[in-house]
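What follows is the residue order along each chain.
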Amino acid sequence: MIFDTWKTTAALASVLVLSACSNGGGDTTGDDGAGSDDGGTTIVRHETDPYPSTYTPRASTPTLIRGATVFDGVGGQIEIGDVLMVDGRIAAVGTGLEAPEGATVIDGAGRYVTPGVIDIHSHLGVYPSPGVSAHSDGNEATQPVTSEVWVEHSVWPQDPGFEAALAGGITTLHILPGSANLFGGRGITLRNVSGRTVQEMKFPDAPYTLKMACGENPARVYGNRGRSPATDMGNMAGYRAAWQRASDYRDRWHDYWEDAEAGEDVSAPTRDIELDTLMGVLDGDILVHMHCYRSDQMAQIIDMSNEFDYQVSVFHHAVESYKIPDILAEANACSAVWADWGGFKMEAYDSIRENLPLLHANGACAMIHSDDALNIQRLNQEVAKALADGRAAGLEITEAEAWAWLSSNPARGLGIDDQTGSLVEGLRGDVVLWSGNPFSTYTRADQVWIDGSLRYDRSDESLQPVRDFMVGQPGEGDQ
Amino acid sequence: MKRTLSAIALSLACTLPAMAQTYAVTNGRVVTNTSAGIIEDGTVVVRDGDIVAVGANVQIPEGATVIDADGGWITPGVFAPVTQLGLVEVALESSTNDAGADDSPYSVALDVADSFNPAGMHIPTTRVEGITRAALVPSSGHNIFGGRGALIDTSGDADSVFDTGSFVFADLSQSGASTAGGSRAAAWTFLEAAFGDTRFYPGRYAAHPEGDALHRYDAAALVDVVRGRMPLMVEVDRAADIRRALRFQAENPPVQLIIHGGAEAWMVADELAAANVPVLIDPIANLPGSFDRIGSTLENAARLHEAGVTVAYTTQSADGYWNARLLPQHAGNAVANGVPWDVAFRSITLTPAEIYGVGARYGALAAGYAGDVVVWNGDPLEVMSAPTHVLIDGEETDMETRQTRLRDRYMDITDDTPYAYRR
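Residues numbered from 1 in each chain as written. Chains lettered and ligands numbered in written order. Predicted model: local features only at pLDDT ≥ 70, side-chain atom pairs only at ≥ 80, totals over all residues.

**Comments concerning the overall build of chain A**
Of the regular secondary structure elements, chain A holds eleven helices and 18 strands. Radius of gyration (C-alpha) of chain A: 22 Å, near the 23 Å computed for a compact globule of 479 residues. Projecting the C-alpha coordinates of chain A onto the three principal axes gives extents of approximately 65 × 55 × 50 Å. Burial analysis of chain A (479 residues in total) assigns 58% to the buried set. Once local pairs closer than 6 in sequence are excluded, the contacts in chain A between residues at least 24 apart make up 72%. (Helix = DSSP H or I, 4+ residues; strand = E, 2+ residues; numbered from the N terminus. Rg over C-alpha atoms; globule rule 2.2 N^0.38 Å. Buried ≥ 20, exposed ≤ 12 C-beta atoms within 10 Å, placed from the backbone. Contact = placed C-beta atoms within 7 Å.)

Here is the structure:
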């Protein structure tokens, strides 16, 4: 009955390949890491995207949803509005839109349309159902610094949790390693689609992320083995030692590229897969997602990020963020939080139900997250609770503003807000049609589109995916 | 349970003396959980701890403290059938976690009431969400038995345990199989042996304190279960294990089972209904989290209801100490998946009280019931609704908690009073 805190709170690290330049993945040259520059000098640049996304949007017909209440995901609301998707993209949002020829037209009267929900903290695929020992695949808890592991190499695409999340309106999700380690490994952003391979689920061109973890988990895991880190100060020492190595490594590579490009006859440094990831952070290509609970620890981490000149994108769990919204806003660090979980360990003892709305009201970037295969199915209800609690405390927040906690803010935290997370013309057609107000317990997702393609329909079994594991099992196809 | 409420209410309304301990909760939609149904604009009168009148035309006694529901909902307090309230303060800190006792030589004899701390911080945070009563279910320890459960109110008062020896908990799921030695067969054999020891208690212990399965004290504690005077709560999820439990009940009269877990109960619904065995399920637990629960589905609650099974809801997939308070949300999701509203609401109020044999006293709004009354600002199963007043045993309770105090301390970040001085 006691929930598995270790799993829930654990984190892994990731690794990056060398960025040949300051770009994210995908645009390096050469096979197996070598590219040839003009002038005859071969300059070593490692591939930054060796496991590329093979996701392709499914063909779609133009779709017009008419006459629904629209939350655009960035604070806007249309009482009776239309959303048009064409060629997989949001083509228009407004009132009185005309249906293109051949379009599917859906009557949205009495229903709500929103951007697809983005869960920025999931372990689907790495702690999949059923939770047998072979499926405990999210914590490389063999040493505290494992920036060299990539969570996508653990993701099992047949986790039935993915389709359950789809029925809850999840269109994009960020899979993280657990929090056993200081540096848990590299995270991955997925489209919530079915695939035989994880590459078929990877969000094209989404930045890589690095999972780090504060506090009790790494100190407990390694302290219990009689090795460092065993304390918070040991955690900090472990991070700093790694960042210093990464900084030196980055200098070696940047010096090498500079000299090689100047035509000097220099040898490339020895490649280190662990430090590749940390260098990616220092170069600004990889986003840091850090599991921390206590406000005082987050403040230490922010100082450390200044010491080594990198950015913390999002603190996860962050149950005490409400105590330091000013410090977080100043550091431009977001908080991804629960509505009302806590108590499972000492650092989660000061959790309050108004964390999310208080962050919002005090000008800090905030969002909901699940960290759980059941909660991911109803993040709309989690936000509803946080919104109601915030209002009860006297904060004035609209429903439309609160939808940002489910879509555009997590998109920002993942560096994909120019792709999804809001109903803005040109963005991906990631859309949910809800049976009613999505902040009601009784409302369910009627239909879910990903890149404009209808991928879930509550009233059509042929549009309710069933992962391989459930085939032939009792309850196959039940939600 | 079947009272003619309006008649009682009217007759009492005329004769109620005004007393210091009299409350009139009025101007709200009253959910009675009785044949009176829902009273759209009703009043509930509570005097000296008990409900004395419920109805649409109840006279408010002179001198009564009036609680205006302001058009909201007035309901019986929520009864959480599976919690560890007051047993766990910080789950991972074993010094604060009395949920189970892995290293105790005893098992059935362990009385969870001895571990209960009414001053635990999670009791007020649960109460302010409308939960007024709860069962304490101990975790199993060195064998399949967790000990004897108890019933509490959430007042935090010294006398908040109102029933002890309410049931015995035993784990017959895959974890119970593991505890028993590695198989279901081992777990059921242990249970059979424990019943054997108990049937011949105290005689078989005359020469030695150890039986085939149980220590003498544990056998003594199991006597009421074997004789059918105390239910045996068995944790099982797999359909095959539920059938095995039903066979155990059939073979061991007059033992009375309560099924806890029940992920695949829908697959055994007709047998459960025929055996009149109640089931405690979490209506949102829909993933095949283990090979015991492959058939998990959001349809479980509705299918069990349609088959006529007695069902109460739990927060098993969350936890039982911090988020037992989410029980109304779990019930609301049962409604979203096909359960009629009044059935779902009973599944977190009257039904659990009936399962524990206290349904004539708790779980409904009718004369003679304990004065557990909650006023909500909307539909209690809606996630955006919240209680505005919570009465337990006819006394209004504090709506402030450690969590609301922390919230208030950090509400204003422009105030330059040091935080530790904000009291």
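Here the narrative resumes, following the displayed structure.
**Points about the interface of chain B and chain A**
Much of the literature gives interface size as the accessible area that the parts lose upon coming together. In this complex, chain B contributes 45 residues to the contact, which on the side of chain A involves 46 residues. Among the elements of the structure, helix H9 (327-336) and helix H12 (402-409) of chain B are those that each provide at least two residues to the side of chain B that touches chain A. Here the element with the most residues in the side of chain B that touches chain A is H9(B); it accounts for five residues. The residue makeup of the side of chain B that touches chain A, split by class, is 23 nonpolar, 16 polar and six charged. (Nonpolar A, V, L, I, M, F, W, Y, C, P; charged D, E, K, R; others polar.)

**Describing the sheet that holds strand S13 (residues 312-317) of chain A**
Residue and element names in this part refer to chain A. Taken in spatial order, the eight strands make up an open sheet running S8-S9-S10-S11-S12-S13-S14-S15, and their pairing is mixed. This sheet does not close on itself; its edge strands, each paired only once, are strand S8 (117-122) and strand S15 (366-368). Across the sheet, the mean angle separating the axes of adjacent strands is 25° when strand polarity is ignored. (Pairing = 2+ DSSP bridges. Axes fitted to C-alpha atoms, helices over the stretch in contact; angles between N-to-C directions.)

**Details of the pairing of strand S5 (residues 73-76) of chain B**
Here two bridges tie strand S1 (residues 22-31) of chain B to S5(B), and the two strands are oriented parallel to one another. Residue pairing across strands places B:Arg29 opposite B:Trp73, the latter belonging to S5(B).

**With respect to the domain arrangement of chain B**
Residues and elements named next belong to chain B. Under the domain assignment, chain B is made up of domain 1 (5-76 + 377-405) and domain 2 (78-360). Taken together, the contact between domain 1 and domain 2 spans 17 residues of the former and 21 residues of the latter. Mapped by element, the contributors of at least two residues to the side of domain 1 that touches domain 2 are strand S15 (387-392) and H12. Element by element, the count of residues in the side of domain 1 that touches domain 2 is highest for S15, at three residues. (Domains from an automatic or database assignment.)

**Points about the packing of helix H4 (residues 232-261) of chain A against helix H5 (residues 273-282) of chain A**
Angle between the axes and distance between the axes are the two parameters that describe a pair of packed helices. Residues and elements named next belong to chain A. Following both chains from N to C, one finds H4 and H5 inclined at 80°, their axes separated by 9 Å at the closest point. One way to sum up the angle between H4 and H5 is to call them roughly perpendicular. Across the interface between the two elements, Ala242, Trp243, Arg245, Ala246, Ser247, Tyr249, Arg250 and Trp253 from H4 touch Leu275, Leu278, Met279 and Leu282 from H5. Within the contact of H4 with H5, the residues separate by chemical class into nine nonpolar, one polar and two charged. (Parallel < 35°, antiparallel > 145°, perpendicular 65-115°, else oblique.)

**Observations regarding the nonpolar core**
One finds A:Ile368, B:Val44, B:Leu136, B:Val168, B:Ile259, B:Ala265 and B:Val279 to be the most contacted residues of the largest nonpolar core, which totals 262 residues. Built from parts of two domains, this core gets at least three residues from each of domain 1 (5-76 + 377-405) and domain 2 (78-360) of chain B. Each residue touching B:Val279, except ones within four places of it in the same chain, is listed here: B:Ile259, B:Gly262, B:Ala265, B:Leu272, B:Leu304, B:Val309 and B:Val311. (Core = buried A, V, L, I, M, F, W, Y, C linked by C-beta atoms within 7 Å.)

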